[in-house]
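So the chains spell out like this:
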Amino acid sequence: MRFTLSEDQEAIRRTAGDFAAAEFLPYAAQWDEQGIFPVDALRKAADLGFAGIYVREEQGGSGLGRLDAALIFEELAAACPSTAAYLSIQNMVAWMVDRFGNDEQRGRFLKRLTSMESFASYCLTEPGSGSDAASLKTKAVRDGDHYVLNGTKAFISGGGASDLYAVMVRTGGEGPKGISCVLVEKGSPGLSFGKRERKLGWNSQPTAMVIFEDCRVPVANRLGEEGEGFKFAMSGLDGGRLNIGACSLGGARACLEAARNHLMHRRQFGQALAEFQALQFRFADMATELEAARLMVHRGAASLDAGAAEASMHCAMAKRFATDAGFRICNEALQLHGGYGYLKDFPVERYLRDLRVHQILEGTNEIMRLIIARRLLRP
Amino acid sequence: MKVLVAVKRVIDYNVKIRVKADRTGVETANVKMSMNPFDEIGVEEALRLREAGKATEVIAVSLGAQQCQETIRTALAMGADRGILVQTDVELQPLAVAKLLKAVIDKEQPGLVILGKQAIDDDSNQTGQMLAALLGWSQGTFASKLAITDDGLEVTREVDGGLETVKLKTPAVITTDLRLNEPRYASLPNIMKAKKKPIDVIAPDALGVDPAPRLKVLKVEEPAKRQGGKKVASVQELVDKLQNEARVI
């Protein structure tokens, strides 16, 4: 077992960190406050290969692994978790097209996705099906060489702004085997969007319902075969969960650094806060939790890269642990800042709001426990 | 035309510098190191020349310890074609660097050599000028604009009074100023390609240069701590203090 990054990984991490510090960090507070979707900054990230991290090189991707991705997302999220997380979704959809699409679909979509000429959304959740994702109701009925879609997707990141929607729809009977995955272009007749949701965090990316009313989509836009959609959606999520875990690492790291800075400089009762042992212990625990979370995310990534049988479980464990730890670290950092932590002039509260949702999305942390228990308690 | 760019490994500009307890230098152990920012600008300029069809090959040269390979890799990841490391653990001062570079240049015969105007660690601002003198080439220092013309180069220089434009014959030595360009980030595919690009490692002996330092550092100290400000009651008092206490007017 080796715990050091390769020279390449070090270079990748450094590039992502330098990029995020220059292109995300100075603007992140403004993006958050004004709800700005930073299209140009995201396209700059795509120029460096961050939108197709694990898309194969011959398809216009960067041809890297999940561990490389985890390093990148931690760095980007240390500047802006919300924008980094959107990029994770773009990567997830691009990977699904590369992995499960046919040559014609790769040719038609991948270049647009890896360059972020087109923005992508992943549409699984519905108003009536969240954790019980396989009960989704959006229907796709075959009509010649088209599907006719009817239904609503909820909580869609990029909804209304994205150009391409990877939509899980029901083409067959009940349960996961009746689900297929189709790519729906913005501008398709019958496709519309709900209002932009107002959220606690993740404000640099719009969230909206995606609504299909007799929306016609070419059968040629279906990834794989009918009935394979749920499987694709879940394997996309394995990587998505690692990325979200890595985004929590980044946000938590930024808060840990902010807390360190505050402890070193803030003086009360005649000494720096860093000299109070009670606070030292809390700070040490935060740093330890972050390190543990990072190890789990990297382990999950290595597992997924190796195609290990336990990969889904490792990803679920890493996502559960890293997102819980990440939020706790932000919350502790806020507490250590006292009143200043509550002010928007200090960055901690933004990270706290952004990281809160990581415990909910890409499968709630309760569902992560379900995945782990199901794997371990199989008869 | 080949373009040779010198790249120096320095403490990253974001790092808070600590002076060693024995005052012989600054702490470099476990400190983030990066390419000198002015050299990054040099690499970028060379790449732009190549992309514009004005240069055929970009060679990144670094001098120093084995870890300087990382700095060369950074240049290769940005897009440079190959690297040369003159490897030595001897402390290198500007004259030694200039002599070593001259020896590399005699072998490589580039049409243009680009260096940062200075390195952010020792701020010497000497190597480019010394190198031009040793080579007997024209020099365009503190360049904020570089244009290749039919009969040489046009270099806009940042001088005290504003901007000065000079015409140079090639081959020439250019040193970069901050506003010459904004360097690119290395893309992920280029980072992966960089490791397949060759880096030649040469010893100073092989170049026939003795790199031993000629200058002796007596001591390195931190700048004096900033004094707290003072409030004045009137403009009169302010003027008086500026004249008699600070002696700045």
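Below or above, wherever it landed, is the structure these notes cover. (Residues numbered from 1 in each chain as written. Chains lettered and ligands numbered in written order. Predicted model: local features only at pLDDT ≥ 70, side-chain atom pairs only at ≥ 80, totals over all residues. Heavy atoms only, no water.)

1. Structural notes on the pairing of strand β10 (residues 172-176) of chain B
All names here are of chain B.
Right, so step 1: With 5 of its 5 residues buried, β10 lies for the most part within the structure.
Right, so step 2: Bridging between strand β6 (residues 112-116) and β10 involves 5 bridges; their strand directions are parallel. From the neighbouring strand, Leu115 faces β10, where its bridge partner is Thr175. (Buried < 20%, exposed > 50% of the residue type's maximum accessible area, 1.4 Å probe, protein only. Helix = DSSP H or I, 4+ residues; strand = E, 2+ residues; numbered from the N terminus. Pairing = 2+ DSSP bridges.)

2. Here we look at the nonpolar core
Right, so step 1: Formed by 136 residues in total, the largest nonpolar core has its most connected members in Phe50, Leu76, Met96, Tyr122 and Met168 of chain A together with Leu112 and Ile174 of chain B.
Right, so step 2: Element by element, the count of residues in this core is highest for helix α7 (residues 229-265) of chain A, at 16 residues.
Right, so step 3: Setting aside anything within four residues of it in sequence, one finds Phe50 of chain A in contact with Thr15, Ala16, Phe19, Ala45, Ile72, Leu76, Leu87 and Asn91 of chain A together with Leu188 of chain B.
Right, so step 4: Counting residues in hydrophobic clusters, the runner-up holds 26 residues, among them Leu63, Ile84, Leu115 and Val173 of chain B. (Core = buried A, V, L, I, M, F, W, Y, C linked by side-chain atoms within 4.5 Å. Contact = heavy atoms within 4.5 Å.)

3. A word on helix α10 (residues 348-356) of chain A
Turn by turn, an α-helix covers 3.6 residues, leaving residues three or four places apart pointing in a common direction.
Residue and element names in this part refer to chain A.
Right, so step 1: Burial of α10 is extensive: 8 of the 9 residues sit out of reach of the surface.
Right, so step 2: Buried within α10 are the following residues: Val348, Glu349, Arg350, Tyr351, Leu352, Arg353, Asp354 and Leu355.
Right, so step 3: Its buried side turned inward, α10 meets α2 (25-34), α4 (66-79), α5 (81-100), α7 and α9 (311-336).

4. Thoughts on the side chain of Ser118 of chain A
All names here are of chain A.
Right, so step 1: Mapping Ser118 onto the fold places it in the loop between α6 (103-114) and β1 (120-123).
Right, so step 2: Under the relative-accessibility criterion, Ser118 is labelled buried at 4%.
Right, so step 3: A polar contact of 2.7 Å, which involves the side chain of Ser118, links it to the side chain of Arg112.
Right, so step 4: Sequence-distant contacts of Ser118, that is, excluding residues within four places in its chain, are made with Gln90, Arg112, Leu113 and Asp163. (Polar contact = N/O pair within 3.5 Å; in protein donor to acceptor, adjacent residues only side chain to side chain.)

5. Brief notes about a positive patch on the surface
Right, so step 1: On the surface, Arg260 of chain A together with Lys16, Arg18 and Lys225 of chain B cluster together into a positively charged patch.
Right, so step 2: Residue placement: Arg18 of chain B occurs in the loop between β2 (9-11) and β3 (33-35). (Patch = residues over 30% accessible without salt bridge, like charges linked within 9 Å, V, L, I, M, F, W, Y side chains within 5 Å. Areas by Shrake-Rupley, 256 points an atom, 1.4 Å probe, with all protein chains shown as cover. Salt bridge = Lys/Arg side-chain N within 4 Å of Asp/Glu carboxyl O. Lys, Arg positive; Asp, Glu negative; His and termini not counted. Charge placed at Lys NZ, Arg CZ, Asp CG, Glu CD.)

6. Some thoughts on the interface of chain B and chain A
Right, so step 1: Taken together, the contact between chain B and chain A spans 13 residues of the former and 20 residues of the latter.
Right, so step 2: With both chains or domains summed, chain B and chain A bury close to 1,300 Å², and 61% of this area falls on carbon and sulfur atoms.
Right, so step 3: Among the residues of chain B in contact with chain A, Tyr185, Leu188 and Ile191 of chain B are the three that bury the most area, contributing 51% of the side total.
Right, so step 4: Inspection of the chain B/chain A interface yields 3 salt bridges.
Right, so step 5: Notably, a salt bridge pairs Arg73 of chain B with Glu7 of chain A, separated by 3.8 Å at the nearest N-O pair.
Right, so step 6: Our count for the chain B to chain A interface comes out at 5 residue pairs in polar contact (both at pLDDT 80 or more).
Right, so step 7: Elements represented by at least two residues in the side of chain B that touches chain A include exactly β3 and α5 (188-194) of chain B.
Right, so step 8: For the side of chain B that touches chain A, the element with the highest residue contribution is α5 of chain B, accounting for 5 residues.
Right, so step 9: Considered class by class, the residues forming the side of chain B that touches chain A number 7 nonpolar, 2 polar and 4 charged. (Buried area = accessible area lost by both parts, 1.4 Å probe. Nonpolar A, V, L, I, M, F, W, Y, C, P; charged D, E, K, R; others polar.)

7. Some words on the state of the cysteines
Right, so step 1: Evaluated as defined, the whole model comprises 0 disulfides over all chains.
Right, so step 2: For the unlinked cysteine Cys255 of chain A, the closest cysteine sulfur is that of Cys330 of chain A, found at 3.5 Å. (Disulfide = S-S within 2.5 Å.)

8. Remarks on the sheet that holds strand β8 (residues 152-159) of chain B
Residues and elements named next belong to chain B.
Right, so step 1: Spatial strand order, β9-β8-β7-β10-β6-β1-β4-β5-β11: 9 strands in an open sheet with mixed pairing. In the strand order of this sheet, the two ends are held by β9 (162-168) and β11 (199-202), each with one partner. The mean inter-strand angle of the sheet, taken between neighbouring strand axes irrespective of direction, is 30 degrees.
Right, so step 2: Judged from the 7 bridges that link them, β8 and β9 form a sheet pairing that is antiparallel. By the bridge assignment for β9, Glu158 is matched with Leu163. (Axes fitted to C-alpha atoms, helices over the stretch in contact; angles between N-to-C directions.)

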